[in-house]
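Per-entry structural report
What follows is the residue order along each chain.
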Amino acid sequence: MNFSKWVSLIFILNLFCPTPSFSDSPTSSSNGLTEIPKRFLQFAKRPELFDWMVGIRRKIHENPELGYEEFETSKLIRTELDKMGISYKYPVAVTGVIGFIGTGEPPFVAIRADMDALPMQEMLEWEHKSRIPGKMHACGHDAHVAMLLGAAKILQEHREEIKGTVVLVFQPAEEAGGGAMKLIDEGVLENVNAIFGLHVSSNLAVGEVHSKAGPIGAGFGFFEAVISGKGGHAAIPQHSVDPILAASNVIVSLQHLVSREADPLDPQVVTVAKFQGGGAFNVIPDSVTIGGTFRAFSKETFMQLRYRIEEVIRGQAAVQRCNATVDFFTEAKLFYPPTINHKGLHEHFLNVAGDMIGIHKVKDIKPLMGSEDFAFYQEVIPGYFFLLGMQNVTRGRLESEHSPYYQVNEDAFPYGAALHASLAARYLLEYQPEISFSERKFHDEL
């Protein structure tokens, strides 16, 4: 029988014969599943892997790049994936890299790291301080990349145990750049069943993880309003229409949206953080520009808040005989939905993290008013996001994210890498029976 006939026969047998479930594999037995996180953590703690992750992170930290400018970071990632023999797509969303480990068949599960830095000057003096003036990794994205590469190394070393495909998402432009949306638009989540992501946390103990089902981060948007009146001399205000007075009334009235209109059990924030108008002590300006942010934990509340912000600005300006235009930067997509963790994936996270570090180190988190563009993924497929502790009290207090003195405790890296790898590998093993042969699609990158 020639080769093509053998291939046809195997295809037909696979089509009509039942596919073995994960329970048929020794590594997929109940005991085998619980051992995966422990084995992966031991692997991640090997000095050669730990030192490699630290080295990767420090290289990225020295050369920070802003959103959609992460060309050198992307090059470094691709170089390391090439060394590991991991296939990938590039470029995706300008600088993004999408790697693939496994069979190329369903189920597909994604693990994600963001790559971009912030436009700020690093003030901390140390050997690997940023070499680029005015740019700094002050939110841990350099650490996120290092840990995802660490997870890739773990998974590639254990690729025979992977029953499906792990998609590695190295994402550009998380810091208000809409990187997640661009990746979605380019089809990165096609056929992907679930996605996991993490963020290092300065105020949680190293070796601990915090998260919960449901909302954990607020949705946010920006607004800017130009309030126009009629300028004139400050000594004869009756001949002017004062936009500064109108803007002041607007700001006070906006605070009432939370204090008098919002349900106290439904947290919301409206903050005016920008006020620009006038340039002289004795001149009433023609116009004033104000701007700020608004945040909420549900899309319904978010949209209601947006509607009322515009209504209040226009209405209060009119009371003072002024006109107002309001911009929510819709075209620039400067808004994020709430970060809402999938309930089923929360159970999966509890099981995996509990098996790795002990359930006493897996803790609930209080929802935060901060936002994360991982939420865009969660609007498309089930997603789960958690915080990885890195505080060591014996080494002193760590500064919070976006501080010019921000530091990363690299001792957290084995936990982040192993959790990434374990969440993905266990997901594929546990959800294998739910994917039928007819749903199988191959990724030609593998």
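Residues numbered from 1 in each chain as written. Predicted model: local features only at pLDDT ≥ 70, side-chain atom pairs only at ≥ 80, totals over all residues. Heavy atoms only, no water.

The name given to the chain in an unreviewed UniProt entry is Peptidase M20 dimerisation domain-containing protein, with Castanea mollissima as the source organism.

With that settled, the discussion passes to the overall build of the chain. For the chain, the count of helices and strands is eleven helices and 17 strands. For the chain, long-range pairs separated by at least 24 residues make up 82% of all intrachain contacts whose partners lie at least 6 apart in sequence. As displayed, the chain offers around 20,300 Å² of accessible surface, 55% of which is attributable to carbon and sulfur atoms. (Helix = DSSP H or I, 4+ residues; strand = E, 2+ residues; numbered from the N terminus. Contact = heavy atoms within 4.5 Å. Areas by Shrake-Rupley, 256 points an atom, 1.4 Å probe, with all protein chains shown as cover.)

The share of residues in the chain with pLDDT of 70 or more is 89%, and the mean pLDDT across the chain is 91. The model gives residues 1-26 a pLDDT under 50, and that stretch makes 15 contacts with residues more than four places away or in other chains. Counting contacts from residues 435-441, a segment whose pLDDT is below 50, to residues more than four positions away or on other chains yields 16 contacts. (pLDDT = per-residue confidence, 0-100.)

We now examine the side chain of Glu122. Within the secondary structure, Glu122 sits in the loop between β3 (108-114) and α5 (141-157). Of the side chains with opposite charge, Arg57 comes closest to the buried, unpaired Glu122, at an N-O distance of 6.5 Å. Within polar-contact distance, the side chain of Glu122 engages the side chain of Trp126 at 3.0 Å. A distance of 2.8 Å separates the side chain of Glu122 from the backbone nitrogen of Ser130, its partner in a polar contact. Residues in contact with Glu122, not counting those within four places in the same chain, are His61, Lys129, Ser130, Met136 and Pro404. (Buried < 20%, exposed > 50% of the residue type's maximum accessible area, 1.4 Å probe, protein only. Lys, Arg positive; Asp, Glu negative; His and termini not counted. Salt bridge = Lys/Arg side-chain N within 4 Å of Asp/Glu carboxyl O. Polar contact = N/O pair within 3.5 Å; in protein donor to acceptor, adjacent residues only side chain to side chain.)

Under the defined criterion, the tally for this structure stands at twelve aromatic pairs. Note on Phe349 and Phe386: the rings are 4.9 Å apart at their centroids and 35° apart in plane angle, and the pair reads as tilted. Taken together, the positions of Phe349 in helix α9 (residues 343-357) and Phe386 in strand β17 (residues 383-391) put the pair 37 residues apart, joining distant regions of the chain. Overall, Phe386 belongs to the buried group, its relative accessible area being 1%. On the basis of an interplanar angle of 40° and a centroid distance of 5.1 Å, the ring pair of Phe374 and Phe385 is categorised as tilted. Of the two residues, Phe374 sits in helix α10 (residues 374-378) while Phe385 sits in strand β17, which places them eleven residues apart along the sequence. In terms of burial, Phe374 and Phe385 fall into one category: buried. (Phe/Tyr/Trp six-rings, centres within 6.5 Å; stacked < 30°, edge-to-face > 60°.)

Here the residue pair Tyr90 and Pro91 is connected by a cis peptide bond, since its omega of -5° sits within 30 degrees of zero. With respect to the helices and strands, the residue Pro91 is situated in strand β1 (residues 87-92). The linkage connecting Pro106 with the following residue, Pro107, adopts the cis geometry, with an omega of -5°. Looking at where Pro107 falls in the secondary structure, it is placed in the loop between β2 (96-102) and β3. The backbone of Ala93 shows a phi angle near 55°, a positive value even though the residue is not glycine. Considering the arrangement of structural elements, one finds Ala93 in the loop between β1 and β2. Here Ala173, not a glycine, exhibits a phi torsion of approximately 55°, which is positive.

To continue, consider the packing of helix α3 (residues 47-62) against helix α4 (residues 71-84). Two elements in contact, α3 and α4, have axes whose closest approach is 10 Å; the angle formed by their N-to-C orientations is 155°. Relative to α4, the element α3 is oriented roughly antiparallel. At the point where α3 passes α4, the crossing takes the right-handed sense. Along the contact surface, α3 presents Trp52, Ile56, Lys59 and Ile60, while α4 presents Thr73, Leu76, Glu80 and Met84. Among the residues making up the contact of α3 with α4, the classes are represented as five nonpolar, one polar and two charged. (Axes fitted to C-alpha atoms, helices over the stretch in contact; angles between N-to-C directions. Parallel < 35°, antiparallel > 145°, perpendicular 65-115°, else oblique. Left-handed = near helix turned anticlockwise from the far one by under 90°. Nonpolar A, V, L, I, M, F, W, Y, C, P; charged D, E, K, R; others polar.)

Below, the discussion takes up the environment of Gly55. As for its placement among the helices and strands, Gly55 is situated in helix α3. For Gly55, a relative accessible area of 26% gives the class partly exposed. Considering only alpha carbons, one finds Gly55 and Ala146, 91 residues apart in sequence, at a separation of 8.5 Å.

For the structure on display, the rule yields 22 salt bridges. Of the charged contacts in the structure, one is a salt bridge between Asp373 and Arg112, with a shortest N-O distance of 2.7 Å. Within this pair, whereas Asp373 is found in the loop between β16 (362-364) and α10, its partner Arg112 is found in strand β3, the two being separated by 261 residues in sequence. Using a relative accessible area of 1% as the deciding quantity, one classes Arg112 as buried. Linking Glu379 and Lys299 is a salt bridge whose minimum nitrogen-to-oxygen distance equals 2.8 Å.

What follows is about α4. Relative to the 20 Å expected for 14 residues at 1.5 Å per residue, α4 spans 20 Å between its end C-alpha atoms, a close match to the ideal helical length. Within the span of α4, buried status applies to Thr73, Ser74, Leu76, Ile77, Arg78, Glu80, Leu81 and Met84. Looking at the packing, one finds that the buried side of α4 touches α3, β1, β2, α5 and β4 (165-171). (Expected span 1.5 Å × (residues − 1).)

Moving on to the side chain of Thr339. Topologically, Thr339 is positioned in strand β15 (residues 339-341). Ignoring anything within four residues of it in the chain, the contact list for Thr339 reads Gly214, Pro215, Ile216, Gly217, Glu372, Ala375, Gln378 and Phe385.

Moving on, we come to the sheet that holds β17. If you walk across this open sheet you meet the eight strands as β1-β2-β4-β3-β5-β17-β6-β16, and the pairing is mixed. In this open sheet, the two edge strands, each paired with only one partner strand, are β1 and β16. Taken over all neighbouring pairs, the strand axes of this sheet differ in orientation by 25° on average, direction set aside. Sheet analysis places β2 next to β4, joined by six bridges and oriented antiparallel. Counted as the bridge partner of Ile101 is Val166 from β4. Running at roughly 155° to strand β5 (residues 192-205), helix α11 (residues 413-431) makes contact with β3, β4, β5, β6 (209-211) and β17 of the sheet. (Pairing = 2+ DSSP bridges.)

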